[in-house]
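Okay, here's what each chain looks like letter by letter:
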Amino acid sequence: MGNFRLSDTYKLVITQILALSFLLIGFYFIDLTRKKSYETDIWHVVASETIALVEMQQPEDLVTYLDSSAFVRALKDMEGGQKAFETTDQLLTLLDSAIQNPFLGVKKQVYLSVNATGSQSFSLSVYIPMDERIYLDPFTQLTSLQNETYIRKYKGEDIHEYRVGNDLLSVAKIRNFLVASTDALWIEEAIRNNGERFNEEYYFGLLNQDLANQINDIKLPDGLKVWIRPSSVEHWFARMTDLGTENPFKTIAEFSNGMLVKSIQEKENELSILSSNRNQSSSYYKTIETTLHNGKTEAYSFMVDDISFYEQCYASDFSGFVKLAFQYDEDHDIPTSKEIVKQFEQKGLEVSDLMEQVKSDVFKATILSVDGSQWQNIFGFELKDPVEFDVVLDNLRKDYEEESEQKVKLIGLKGFTIYGFPKGNLSGALAGSNYFDNHENSYVLRVNNYMIMAGDLPTLSKWLKDWLLKRRWTTQKRYNDLINKLQNNEAKLSYVLNTESSWVGFMHALSKSHAAFMDRHRQLLLGLNFQVWSLADDKIEVSALFSGQIGDDQPKKVKKILTKAMDVALSKAPIVVDNVLGDEEGFLLIDEENIVEGYNFDGDTIFYHEFDSVIKATPELVWSINSDIPSLFLTQNNQILQIDRSGKYLEGYPVNLPIYSQIEYTKWLPWHLRGSTELIQDIEGLILSVDTLGNIYGVDPKGNYQGNWTPQKTLERLALTPQVFQANGKNYVVTLSKNGKLIIFTEKGEYAKGFPMLFRESVSPQLFVTEDASLGQSKISFITSIGDIIEVNGKGQVLRRERLGDRAHGRSFDLLKDEARGRTWMVMEQIYGDIKVRNSSGKVVFHQRFDEKGKAIGQYFDFGIDAELICITFPNSGKTYLYYLNGKRFVEKPFNNDREVKMFYDSDIQQFIFITSLKNKVSLYTIDRRN
């Protein structure tokens, strides 16, 4: 074979081929290098304040998951809910089409985030990671987005705007990600960031590396992962607020720094999310964590209807718990804890002696004050030995009195003894800043095997009374699901939120626009009754419990259960009487022939007696400590009578007053027992009887005059029955005359300093007392017949005088006390058939026009946010109307009635009992709380 030689043409071709090959290889490596430096991951482009980030391989799995959720279906029923989920569905469709498009080269997973950043309080974003291809225009590949509106430039980058339903979707390419968001401002933020880490330590470290190690335990659809950033939840809520006072609610960020969802369980009445959890290294709960262990708490057994929320710790070593709590205070420049301990020790109270009595379970409950104006706390500490604690507490009282030369008050209430130390914040001295209380006094008592502390005596008293009256969570059916959850819950730490009781606080914390939205849907939202956050080791469970949907302000179902008739017309509205523990037992009827007959709610007669003269004052039923039979105090003309259930006069009675004393009011004035352990009502006291001249007589159960009530002369005819309130650990009596003479008396009948006060104006026959631990902070409110609201404190200082209306002919004003829980008051303004109701600040909250004529009787019942009611009765036409406070009908049709109604809630049957009367007949109805 001869020498083979390539022609010059072939040489040129081969040379060009080799050059082209090297060029392509070079381009490949250059592109690979560029892509490596240019491509990034989700943690570099995710929104800076993402609430939740969802990673998915198959978006249709998430769609199926959402469609199967009863909770999501309920959210869709809310205003804006359908719209939000329509947008979500379209974004998931976008992600699915991107995965199916081979030209985009989508890398395994796509992402969706819920954000609390940018120009909106809430936005959605999606992220599509692609192979970086310089020749590809990715926007042309978004085939599911058809309605492009325009393209704009920002920092040299194109932002494409698409119409998705009612939302405007902004889409931009950031590094190798296509990013779309319903918030255009966030897209601009992402372009400025240009794929750099927003927070390297948090996103790349905690979320991507630390929590991602838990992936083996995830029980969600394959390929689905959900990260939650609690600080963004807090940020989202904070952006909606316009707070005038400190908000007491905990945020999830205080219990978690980051979560990776492990499982989501949806039961008939519960939605539970279990997540791997990491706490903030500097948080209070992280600091004390080593002293806590998983255990079952009994804190829930001390909760009553008005408790808004409570937090509970299960301490394996209480002294170690306190040590770390104090260390946290010191590290965060909160020096008060140790200072307070020293102050108590200087006064003779060794806080360490109390500390040694505490076992393991500790709780802090938050509750609204008696008048609903402030947040108060009640603290509970489980005791090692209740009997030993009683001895220790009494010894500490003696030591305190000896060392400080100050008296520790012993206050008897419902058979319990409350120790009132004249120095505040004993709870903070015992357990650190998380248990601080800002009152001047510290009140301590033992209930079962727990030490209970509080700084506000009226709140503590109200809590104790409610607890004894079976208004506890553990005695009501509507709390059953919550109690079952808590009984089986083992955790180091738990936080329980009672949505209904917390509603007022939530509404106060929101801006006006968000508050209006929430208020429109409060009945639906309150279907979510409770939240439970539980921390156990490195996991957190967030559970929402439902009682079923509450009707959206719909009229309630009514059923008549009993009718009773007297022979002649009634002289008074029915009088509800209580049993020995304060529960409603039955009702008394008094007719115009002076026959008194009592019935239980089954219609059985429990009392009958005929009297020979007019019974003008409302009788008082009082229970005796010596028997389980009550006695009835009533009056006729100038006689005070005390009879037992059989109608027999008791020893010392009747008591005959001077012939000129015609009695028109009676009131039981209790004197507290001290140290009794029996759970019964206070029985030591006086029956106060007021005649038409304003003389007040005070007679004890033996028929003897006591104190200065022999009589005490007010010198003017009273406008209403004397009212009894508590302050400084004592009972006081307040009277108001028809001409505006206001007097406060001590329980012995002595004038309080600063009284009487003379206003010399005709008044509405009602007043309201806002109780406080001190007399000076207690407040008395009443209204004149011309519409002047007057408020004074217990020291005789006028705090407020404000005119609500003009003196138009026919206009009248009445103060309406809350007859359900006694927490606040309203003012009813009437001019002919036009009725307005104002709250205590003067704002109109209810307005209706009626065809009926004549003076109306107004009543106000606040049973909670789902049943805040206004009752309007027209005696002339015999009609009573029952409304929600927002003006919608609570009951569709009016009742036949011509006097004040009686209404209370029976927690055993979860229904209201409603009592009406017309002429000689009385009718009892049940009204469903929830249809």
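Rules used in this analysis
Residues numbered from 1 in each chain as written. Predicted model: local features only at pLDDT ≥ 70, side-chain atom pairs only at ≥ 80, totals over all residues. Heavy atoms only, no water. Phe/Tyr/Trp six-rings, centres within 6.5 Å; stacked < 30°, edge-to-face > 60°. Helix = DSSP H or I, 4+ residues; strand = E, 2+ residues; numbered from the N terminus. Buried < 20%, exposed > 50% of the residue type's maximum accessible area, 1.4 Å probe, protein only. Pairing = 2+ DSSP bridges. Axes fitted to C-alpha atoms, helices over the stretch in contact; angles between N-to-C directions. 1 Å grid on protein atoms, 1.4 Å probe; cavity = no way out; pocket = protein on both sides within 12 Å on 5 of 7 lines; lining within 4 Å. Points joined across faces, edges and corners; volume = space filled by probe spheres on them. Nonpolar A, V, L, I, M, F, W, Y, C, P; charged D, E, K, R; others polar. pLDDT = per-residue confidence, 0-100. Contact = heavy atoms within 4.5 Å. Parallel < 35°, antiparallel > 145°, perpendicular 65-115°, else oblique. Arc of directions from axis to C-beta.

Quick notes on the packing of aromatic side chains
Inspection of every chain in the model, using the stated rule, returns 45 aromatic pairs. Geometrically, the ring pair formed by phenylalanine 302 and phenylalanine 363 is stacked, given 5.9 Å between the ring centres and 25° between the ring planes. With a gap of 61 residues between them, phenylalanine 302 in the loop between helix H8 (284-288) and strand S11 (307-314) and phenylalanine 363 in strand S12 (residues 358-368) connect regions that are remote in the sequence. Accessibility classification places phenylalanine 302 together with phenylalanine 363 in one group, the buried group. Ring centres of phenylalanine 895 and tyrosine 925 lie 5.0 Å apart, and the angle between their planes is 65°; this geometry places the pair in the edge-to-face category. Taken together, the residues span a long stretch of sequence, with phenylalanine 895 in strand S49 (residues 895-896) and tyrosine 925 in strand S52 (residues 921-928) at a distance of 30 residues.

Some points on the sheet that holds strand S40 (residues 788-793)
Within the open sheet, the 4 strands sit side by side as S38-S39-S40-S41. Their pairing is antiparallel. Either end of the sheet is taken by a strand with one partner, and the two such strands are strand S38 (763-770) and strand S41 (798-803). Within this sheet the neighbouring strands show an average axis-to-axis angle of 15°, counted without direction. Strand direction decides the pairing type here: strand S39 (residues 779-784) and S40, joined by 5 bridges, are antiparallel. Residue pairing in the sheet places lysine 779 in a bridge with asparagine 793 of S40.

Let's talk about empty space enclosed by the protein
The tally for this structure, following the rule as stated, stands at 7 cavities of 30 Å³ or more. Considering only enclosed or pocket space, the largest cavity measures out at about 120 Å³ in volume. Taken together, Val577, Glu585, Leu588, Ile606, Phe607, Leu621, Pro630, Ser631, Leu632, Asp644 and Arg645 make up the full set of residues lining the largest cavity. Among the secondary structure elements, those contributing two or more residues to the lining of the largest cavity are strand S23 (584-590), strand S25 (605-610) and strand S27 (630-636). Ranked by the residues each element gives to the lining of the largest cavity, the list is headed by S27, at 3 residues. Taken together, the residues that form the lining of the largest cavity break down as 7 nonpolar, 1 polar and 3 charged. For the second largest cavity, the calculated volume is near 70 Å³. In terms of lining residues, the second largest cavity is bounded by Asn279, Tyr285, Glu289, Leu292, Lys492, Leu493, Leu535 and Asp537.

Focus: the confidence of the model for the chain
Mean pLDDT for the chain: 83, with 84% of residues reaching 70 or above. Here helix H18 (residues 522-525) is the element of the chain with the lowest mean pLDDT, 58, and S49 is the one with the highest, 96. Note on residues 673-683: pLDDT is under 50 here. Beyond four places in sequence and across chains, it has 41 contacts.

Considering the packing of helix H9 (residues 318-331) against helix H10 (residues 336-346)
Contact geometry of H9 with H10 gives a least axis separation of 8 Å together with a crossing angle of 120°. In terms of orientation, H9 and H10 fall into the oblique class. Seen from H9, the contacting residues are Phe326, Asp329 and Glu330; seen from H10, they are Ser337, Lys338 and Val341. Taken together, the residues of the contact of H9 with H10 break down into 2 nonpolar, 1 polar and 3 charged.

Considerations on H10
All of the buried residues along H10 are Ser337, Ile340, Val341 and Phe344. The arc that holds every buried residue of H10, seen down its axis, measures 105°, which confines them to one face. When the buried face of H10 is taken as reference, the exposed residues oriented beyond 90 degrees from it are Lys342 and Gln346. In the core, the buried residues of H10 are packed alongside H9, helix H11 (351-355), helix H12 (386-404), helix H13 (426-431) and strand S16 (442-447). Glycine 348 sits one or two residues past H10 and shows a positive phi near 95°.

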